[in-house]
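# Structural overview for review
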Amino acid sequence: MSTSFAAVTHQHPVERSVEIVLFDLGGVLLEVGGVGPMRELSGIDTDEELWARWLGCRWVQQLEAGRCTPEEFAAGVVADWELAVAPADFLATFGAWVNQPFPGAPELVAETGAAARIGCLSNTNAFQWDAHFGELPIIEAFEFRFLSFELGLVKPDPAIFEAVAAGLPASPESVLLLDDNAVKVEAAAAYGFAARHVRGVGEARRALVETGVITG
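From a predicted model like this one, the values you see are computed outputs, not experimental measurements.

### Quick word on the packing of helix α1 (residues 35-42) against helix α2 (residues 47-56)
Between α1 and α2, the shortest axis-to-axis distance is 10 Å and the interhelical angle comes to 85°. Our classification of the angle between α1 and α2 gives roughly perpendicular. Seen from α1, the contacting residues are Val35, Met38, Arg39 and Ser42; seen from α2, they are Asp47, Leu50, Trp51 and Trp54. When the residues that make up the contact of α1 with α2 are grouped by side-chain class, the tally is five nonpolar, one polar and two charged.

In structure tokens, the structure reads:
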């Protein structure tokens with residue numbers, strides 16, 4: 001099933017169609033856990049500063065790409081961030097960062113799934129996925145699941161979008177990605193995906209309406 005929408009170029013609107021919608025998980029459908037505890041541990045003042053450092057942390061990237069063990073990740077973060085906690089204690093805290101769906105997220109996924117094929121594309125890690133995320137009922141709705149630790153690649157590396165494109169039965173321009181990180185959205189768009197920067201269920205719904213996937 002496809003949904004038409006107009007993509008404006010420099011000269012004229014070009015009709016495209018959304019055949020597949022890919023949702024990022026944390027920050028779009030799931031409330032991100034651990035921000036408060038990590039700010040307290042690190043002494044960082046704002047969520048924005050914390051996220052900038054977290055997303056740029058080599059150990060976070062290694063874990064999400066499946067290239068290190070949870071124990072190596074914990075030891076690396078504790079050392080690089082100079083945290084006053086033992087690696088084992090940090091890992092236990094990290095394992096308890098449970099992401100729950102935002103209110104309205106299951107309903108939005110179901111509504112979108114009735115209009116187009118749906119999936120997820122998420123930077124995540126096996127440690128938390130096996131403990132919490134993979135058991136969330138909302139995950140069962142996705143026909144396509146692209147997880148960074150399984151692919152060995154993380155957003156915004158162009159290689160992850162190449163791998164995703166190879167695994168989908170549609171051309172990139174007919175795949176709409178909804179992600180809460182502007183850099184990742186820009187990278188996806190540069191590869192050729194339709195991509196929108198959204199935060200939370202309200203903005204995701206608005207993007208889906210604007211692109212004609214759902215009606216309201």
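### So, the pairing of strand β8 (residues 175-179)
Burial analysis of β8 places five of its five residues in the buried class, the great majority of the element. Residues of β8 alternate between two faces, with Val175, Leu177 and Asp179 on one and Leu176 and Leu178 on the opposite face, all of them buried. Pairing of β8 with strand β9 (residues 194-197), which is carried by four bridges, proceeds in the parallel orientation. If you follow aspartate 179 over to β9, its bridge partner there is histidine 197. With helix α10 (residues 182-191) bridging β8 and the parallel β9, this β-α-β connection has right-handed handedness.

### Regarding the packing of aromatic side chains
For the structure shown, the criterion picks out 13 aromatic pairs. Aromatic pair tryptophan 54 and tryptophan 81: ring centres 6.0 Å apart, planes at 70°, arrangement edge-to-face. Taken together, the positions of tryptophan 54 in helix α2 and tryptophan 81 in helix α4 (residues 70-81) put the pair 27 residues apart, joining distant regions of the chain. A ring pair is formed by phenylalanine 90 and phenylalanine 94, whose centres lie 6.3 Å apart and whose planes are at 20°; its orientation type is stacked. Taken together, the positions of phenylalanine 90 and phenylalanine 94, both in helix α5 (residues 87-95) and four residues apart, correspond to about one turn of that helix. Across the pair, phenylalanine 94 and phenylalanine 90 agree in class, each one buried. In textbook terms, an aromatic cluster arises when at least three aromatic residues are bridged by ring pairs, as seen for Trp54, Phe73, Trp81, Phe90, Phe94, Trp97 and Phe127. We note arginine 53 situated over the ring of tryptophan 81; from NZ or CZ to the ring centre the distance is 4.3 Å.

### Re helix α9 (residues 158-166)
For α9, every residue scored as buried is listed here: Ile160, Phe161, Val164 and Ala165. Projected down its long axis, α9 carries its buried residues within an arc of 135°, all on one side.

### Describing the nonpolar core
In this structure, Val21, Phe23, Leu29, Phe142, Leu178, Leu208 and Val213 are the most contacted members of the largest nonpolar core, which totals 32 residues. For this core, the element with the most residues is helix α11 (residues 200-210), which contributes four residues.

### Thoughts on unusual backbone geometry
Going from lysine 155 to proline 156, the amide bond is cis rather than trans, its omega being 10°. Positionally, proline 156 belongs in the loop between α8 (148-151) and α9.

### Quick notes on the environment of alanine 159
Take alanine 159: it is sitting in helix α9. For alanine 159 and tyrosine 191, which are 32 residues apart along the polypeptide, the C-alpha to C-alpha distance reads 9.3 Å.

### Focus on the sheet that holds strand β6 (residues 117-122)
Strands sit in the order β7-β6-β3-β8-β9 across an open sheet of five strands; the sheet is parallel. Only two strands of the sheet have a single neighbouring strand rather than two, namely β7 (144-147) and β9. Within the sheet, the average angular offset between the axes of one strand and its neighbour, ignoring direction, is 20°. Taken strand by strand, α11 contacts β3 (20-23), β8 and β9, and its axis lies near 160° from that of β8.

### Digging into the pattern of salt bridges
Under the defined criterion, the tally for this structure stands at seven salt bridges. Of the charged contacts, one joins glutamate 111 and arginine 205 as a salt bridge, the two residues approaching to 3.0 Å between their closest N and O atoms. Pair noted here: glutamate 111 is in helix α6 (residues 105-113) and arginine 205 is in helix α11, with a separation of 94 residues, a long-range link. Residue glutamate 111 is classed as partly exposed on the basis of its relative accessible area of 29%. Two residues, arginine 196 and glutamate 210, come together in a salt bridge whose shortest N-O distance is 2.8 Å.

Here is what the cut-offs are and how they apply
Residues numbered from 1 in each chain as written. Predicted model: local features only at pLDDT ≥ 70, side-chain atom pairs only at ≥ 80, totals over all residues. Heavy atoms only, no water. Axes fitted to C-alpha atoms, helices over the stretch in contact; angles between N-to-C directions. Helix = DSSP H or I, 4+ residues; strand = E, 2+ residues; numbered from the N terminus. Parallel < 35°, antiparallel > 145°, perpendicular 65-115°, else oblique. Contact = heavy atoms within 4.5 Å. Nonpolar A, V, L, I, M, F, W, Y, C, P; charged D, E, K, R; others polar. Buried < 20%, exposed > 50% of the residue type's maximum accessible area, 1.4 Å probe, protein only. Pairing = 2+ DSSP bridges. Right-handed = clockwise from strand over helix to strand, strands pointing away. Phe/Tyr/Trp six-rings, centres within 6.5 Å; stacked < 30°, edge-to-face > 60°. Lys NZ or Arg CZ within 6 Å of the ring centre and 35° of its normal. Arc of directions from axis to C-beta. Core = buried A, V, L, I, M, F, W, Y, C linked by side-chain atoms within 4.5 Å. Salt bridge = Lys/Arg side-chain N within 4 Å of Asp/Glu carboxyl O.

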